[in-house]
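Listed below are the residues making up each chain.
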Amino acid sequence: MRTTELVDGFRHSASYVNSHRGKTFVVMLGGEALAQNQFRSIINDIALLHSLGIKIVLVHGARPQIDEALAEKSITPEYYNGVRITEEDAFKVIKQVVGGLQLDITARLSMSLSNTPMQGAQINVVSGNFVIAQPLGVDDGVDYCLSGKVRRIDVQGLKAQLGNDGIVLLGPVAASVTGESFNLTAEEVATQIAVKLKADKMIGFSSQKGILDNFGEVLAELMPNEAQQILNNINQESHVCLGTKAFLKASIDACRNGVSRCHFVSYLDDGSLLQELFSRDGVGTQIVTQSAERLRRAGIGDIGGILDLIRPLEEKGILVRRSREQLEMEIEQFMLIERDSLVIGCAAFYPFEEDNAGEFACLVVHPEYRDADRGSILLNNIIGQARVRGYSRLFALTTRSIHWFLEHGFEIVEVDELPDKKKQLYNYQRKSKILALEL
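Here the structure is a predicted model, which means the values were calculated and not measured.

Engineer: Help me understand the sheet that holds strand β20 (residues 357-365), please; the structure alone is not making it clear to me.
Structural biologist: Hydrogen bonding along the main chain pairs the strands of a sheet, whether they run parallel or antiparallel. Across the sheet, which stays open at both edges, the seven strands sit in the order β17-β18-β19-β20-β21-β23-β22 with mixed pairing between neighbours. Edge positions in the sheet fall to β17 (293-297) and β22 (411-413), since each of these pairs with one other strand and no more. Direction aside, neighbouring strands of the sheet carry axes that sit 30 degrees apart on average. Judged from the five bridges that link them, β17 and strand β18 (residues 334-339) form a sheet pairing that is antiparallel. Paired with E293 across the two strands is R339, which belongs to β18. Packed on one face of the sheet, helix α11 (residues 303-315) meets β18, β19 (342-352) and β20 and runs near 85 degrees to β19. Seen against the sheet, helix α13 (residues 374-388) touches β17, β18, β19, β20, β21 (393-398) and β23 (433-438) and runs at an angle of roughly 30 degrees to β19.

Shown next, in the form of structure tokens:
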């Protein structure tokens, strides 16, 4: 990596380091992820999150390890409606597997050898009876035996341990108020903890880079209803990993119950967790209660962001230069697209009441975000504003984007068709093309 790339990456991640500090993340590490070579790197990255001041509850699964151990004992797993039926002989094996995995993860989080990412780290790993279980009971005449579900979460106990700078590590086996133990799903445990703790994020891992569309491309962001439609479709596809389906369902449930963002990243790609959390676009899929991007009117505090966006184009002569003072006076005319507190697009709407017209001006979209037609979003918003005012025409001046405007319904017109006040300000040396859209 070149020095400039390192510096740029570090600078871009700084805002996320600050925004994540003190937040609570529930990380669901399925048994499929634990079985991969990248397991150690993922644990190191989780330890790094902890060192940055993030409060972490780590919930691990054990589905493939349990199946393998049961097969070695010649115990055939039984399921009903997709839920494991846990009989006594199987549960003895399950407890051994889960206990062994929990010890392995604790050992990894405790490692502080020189020349490793954990060098000098001192992490308190805490496990305990923070989850109270109850039996699933009998359904349609089928006894689930020692399979259970979450009855209660000890929220105060979890908060106390997180407040003491510990990582809380929990597995899919929990005790009941009667002193029995039950086999739960890690996804339910993670979801219930995230909801009850009012966690800022829930994070899960998959063999894929995230949730993919029909062309194999990662869907960067999904609302819960969109994710539910995808889940309904993949439930018919046997090749999709059971863990992927389970975490997608868990994410939908978590978002619908107050967790604002759930992230889904690959356990096969080294560093995917860090790239997802500390870069603007991430590398996986987010299930969100509201979009990371929003369109809004600019305020005085946005002047710095607008200047950062428009200055490169002003220096190239593509935009007419605006001073900070001018922007302060005109700030209410600007609409913004904001992503994670970064201004990635802007446009201005200048009214000419006496001519029953408006000007669409200063359209800029950040170079890294020009592939999602955000310019059209800004244009459509301003067209809507013009129509609400009852204007009959919207015009724009440009030297470089003529075809973009023509594609959006504008037509080239002469200087004489500008509003009188704008005509007096027209710069004949720039020779800007004038385009108009009839409303």
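Engineer: Please clarify how the nonpolar core should be interpreted in this entry.
Structural biologist: Side chains that are nonpolar tend, in soluble globular proteins, to be buried together. If you look at the biggest cluster of nonpolar residues, it comprises 84 residues, and the most contacted ones within it are L58, I193 and F205. For this core, the leading source of residues is helix α5 (residues 88-110), giving nine residues. Contact partners of F205, with chain neighbours within four places excluded, come to V27, M28, L29, A33, I42, F264, V265, S266, Y267 and L273.

Engineer: Is there a simple way to think about unusual backbone geometry in this case?
Structural biologist: Generally, phi is negative for residues other than glycine and the peptide bonds are trans, each holding for most cases. Although it is not a glycine, S74 sits at a positive phi angle of roughly 60 degrees. S74 gets classed as exposed once you look at its relative accessible area, which sits at 67%. Although it is not a glycine, D165 sits at a positive phi angle of roughly 70 degrees. For D165, the location among the structural elements is in the loop between α6 (155-163) and β10 (166-170).

Engineer: Teacher, can you tell me more about the environment of I85 here?
Structural biologist: Checked against the element boundaries, I85 lands in strand β4 (residues 83-85). By relative accessible area, I85 is classed as buried at 12%. When the C-alpha positions of I85 and N183 are compared, they lie 9.2 Å apart, and in sequence the two are 98 residues distant. Residues within four places of I85 in sequence aside, it is in contact with E78, Y79, Y80, V142, D143, Y144, C145 and S147.

Engineer: When you look at the packing of aromatic side chains in this model, what are you seeing that I'm missing?
Structural biologist: Given two aromatic rings, their pairing is described by the distance between the two centres and the angle made by the two planes. Applying the stated criterion across every chain yields a total of eight aromatic pairs. Taking 5.7 Å as the distance between ring centres and 45 degrees as the angle between the ring planes, the aromatic pair formed by F352 and F395 counts as tilted. Placement of the pair is F352 in strand β19 and F395 in strand β21, with a sequence separation of 43 residues. The residues F352 and F395 share a single accessibility class, namely buried. Both rings, one in Y426 and one in Y428, keep their centres 4.8 Å apart while their planes meet at 85 degrees; by these two values the pair is edge-to-face. Judged by relative accessible area, Y428 falls into the exposed class, the value being 56%.

Rules and cut-offs
Residues numbered from 1 in each chain as written. Predicted model: local features only at pLDDT ≥ 70, side-chain atom pairs only at ≥ 80, totals over all residues. Heavy atoms only, no water. Pairing = 2+ DSSP bridges. Helix = DSSP H or I, 4+ residues; strand = E, 2+ residues; numbered from the N terminus. Axes fitted to C-alpha atoms, helices over the stretch in contact; angles between N-to-C directions. Contact = heavy atoms within 4.5 Å. Core = buried A, V, L, I, M, F, W, Y, C linked by side-chain atoms within 4.5 Å. Buried < 20%, exposed > 50% of the residue type's maximum accessible area, 1.4 Å probe, protein only. Phe/Tyr/Trp six-rings, centres within 6.5 Å; stacked < 30°, edge-to-face > 60°.

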